[in-house]
Amino acid sequence: MTKTALVVGASGIVGGATSALLVQQGWTVHGLSRKPTGQAGVLPISADLRDAAATASALANVRPDAVFITTWLRQDSEAENIRVNSAMVRNLLDGLRAGNSTRHVALVTGLKHYLGPFEAYGKGVLPQTPFREEQGRLDVENFYYAQEDEVFAAAARDGFTWSVHRPHTVIGKAVGNAMNMGTTLAAYATLCREMGRPFRFPGSAAQWDGLTDMTDARQLARQLLWATETAAAHDQAFNIVNGDVFRWSWMWGRIAEWFGVEPAPFNGTIQPLEQQMADDAPIWRTIAEREGLKEPDLSRLASPWHTDADLGRPIEVVTDMSKSRRLGFTAYQPTDDAFFDLFSELRADRLIP
């Protein structure tokens, strides 16, 4: 395979990490997003995937060997998530069809494949953990399934191979991202330190005491590239996590120590960040102005609703990676180091003080 890539959602957490890895590995990288961010080494493409004609026009002169789909748009209902996000994938692949260059498409979804969509998240009858790829789909509508079906149909029509990648909660840097636990916790810890407030775990006892795992965006990027370049990984779906497991009762103290705050004792009750941080936007703006931070708008850094959904789950969530391990993917990333690397990057980039 020659080395020209199209990263869709290049301004996001996963897209940014994937673009950086591909550039490092010598690929020519086109980065598509609605508002390109000017990432080093990435050729920007501006397009709204909801507009089929505009997407085709934006991609008219792009000839990627590999396409990495790392984006979605949150809607008010799962029915709308399905309608909008399946159309975005369809418009993208239809727009690339005329170029006849695509040899592999990698789609990033997630563990909602096993847990269900946000409207039914972690409820009802769920597969036993650890989640394994052969467990298949739940009997419920899910925009991830709709996205997959668009990729499968285009692959059958146009002759490219595919891979699907299912991360757990992703740790990485992006401003304005809809699902960003790492930066949300960094902002929350900063506010607790500023105001002298308790650094309280917002989630459930099941998450505090149970085992869990997470996915560094760089680890996901490594698997995306590996699957693209490994014939045995083609036309397969893979889970992708860091390779370690932890309990939040341990990790919460690690994060607190990094920020120099005292972790509050967990009393067994859910105390959502959406409530704890509801009035914090003016405080953050004051901090940003005093410290010379680049982003004074707290809503572009923190996504409390998503962190609450993950940390409030009533079940233990761990992920099996035997499938890709057997095929040779052996990368490993300690999760506490993933958080600390992100926090250091946010500080260096003047996004937190």
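Above this text you will find the structure in question.
All of the points below concern the structure found in this document. (Residues numbered from 1 in each chain as written. Predicted model: local features only at pLDDT ≥ 70, side-chain atom pairs only at ≥ 80, totals over all residues. Heavy atoms only, no water.)

## As for the side chain of His165
Thought 1: Take His165: it is sitting in strand E6 (residues 161-167).
Thought 2: The exposure class assigned to His165 is buried, which follows from its relative accessible area of 0%.
Thought 3: One polar contact links His165 to Ser163, side chain to side chain, over a distance of 2.8 Å. (Helix = DSSP H or I, 4+ residues; strand = E, 2+ residues; numbered from the N terminus. Buried < 20%, exposed > 50% of the residue type's maximum accessible area, 1.4 Å probe, protein only. Polar contact = N/O pair within 3.5 Å; in protein donor to acceptor, adjacent residues only side chain to side chain.)

## What about the packing of aromatic side chains?
Thought 1: The full count for this structure, using the stated rule, is 21 aromatic pairs.
Thought 2: Aromatic pair Phe199 and Trp252: ring centres 4.2 Å apart, planes at 10 degrees, arrangement stacked. One end of the pair, Phe199, is in the loop between helix H6 (181-195) and helix H7 (205-209); the other, Trp252, is in helix H9 (residues 248-259), and 53 residues separate them in sequence.
Thought 3: Judged by relative accessible area, Phe199 falls into the buried class, the value being 0%.
Thought 4: Members of the aromatic cluster, joined through ring pairs, are Tyr188, Phe199, Phe201, Trp208, Phe246, Trp248, Trp252, Trp258, Phe259, Phe266, Phe339 and Phe343.
Thought 5: Over the face of the ring belonging to Phe238 we find Lys323, whose NZ or CZ atom lies 5.4 Å from the ring centre. (Phe/Tyr/Trp six-rings, centres within 6.5 Å; stacked < 30°, edge-to-face > 60°. Lys NZ or Arg CZ within 6 Å of the ring centre and 35° of its normal.)

## Considerations on the pattern of salt bridges
Thought 1: Within this structure, the stated rule accounts for 19 salt bridges.
Thought 2: Here Arg83 and Glu80 are joined by a salt bridge, their closest N and O atoms 2.8 Å apart. Separated by 3 residues within a single helix, Arg83 and Glu80 lie in helix H3 (residues 78-97), roughly one turn from each other.
Thought 3: One salt bridge connects Arg218 with Asp341, and the closest N-O pair in it is separated by 3.0 Å. Of the two residues, Arg218 is situated in helix H8 (residues 217-229) and Asp341 in helix H14 (residues 335-348); the sequence distance between them amounts to 123 residues. (Salt bridge = Lys/Arg side-chain N within 4 Å of Asp/Glu carboxyl O.)

## Section: the pairing of strand E2 (residues 28-33)
Thought 1: The element E2 is extensively covered by neighbouring structure, given that 5 of its 6 residues are classed as buried.
Thought 2: Across 5 bridges, the pairing between strand E1 (residues 4-8) and E2 is parallel. Considered in E2, the bridge of Val8 is made with Leu32.
Thought 3: Crossover E1 to E2 through helix H1 (residues 13-24) is right-handed. (Pairing = 2+ DSSP bridges. Right-handed = clockwise from strand over helix to strand, strands pointing away.)

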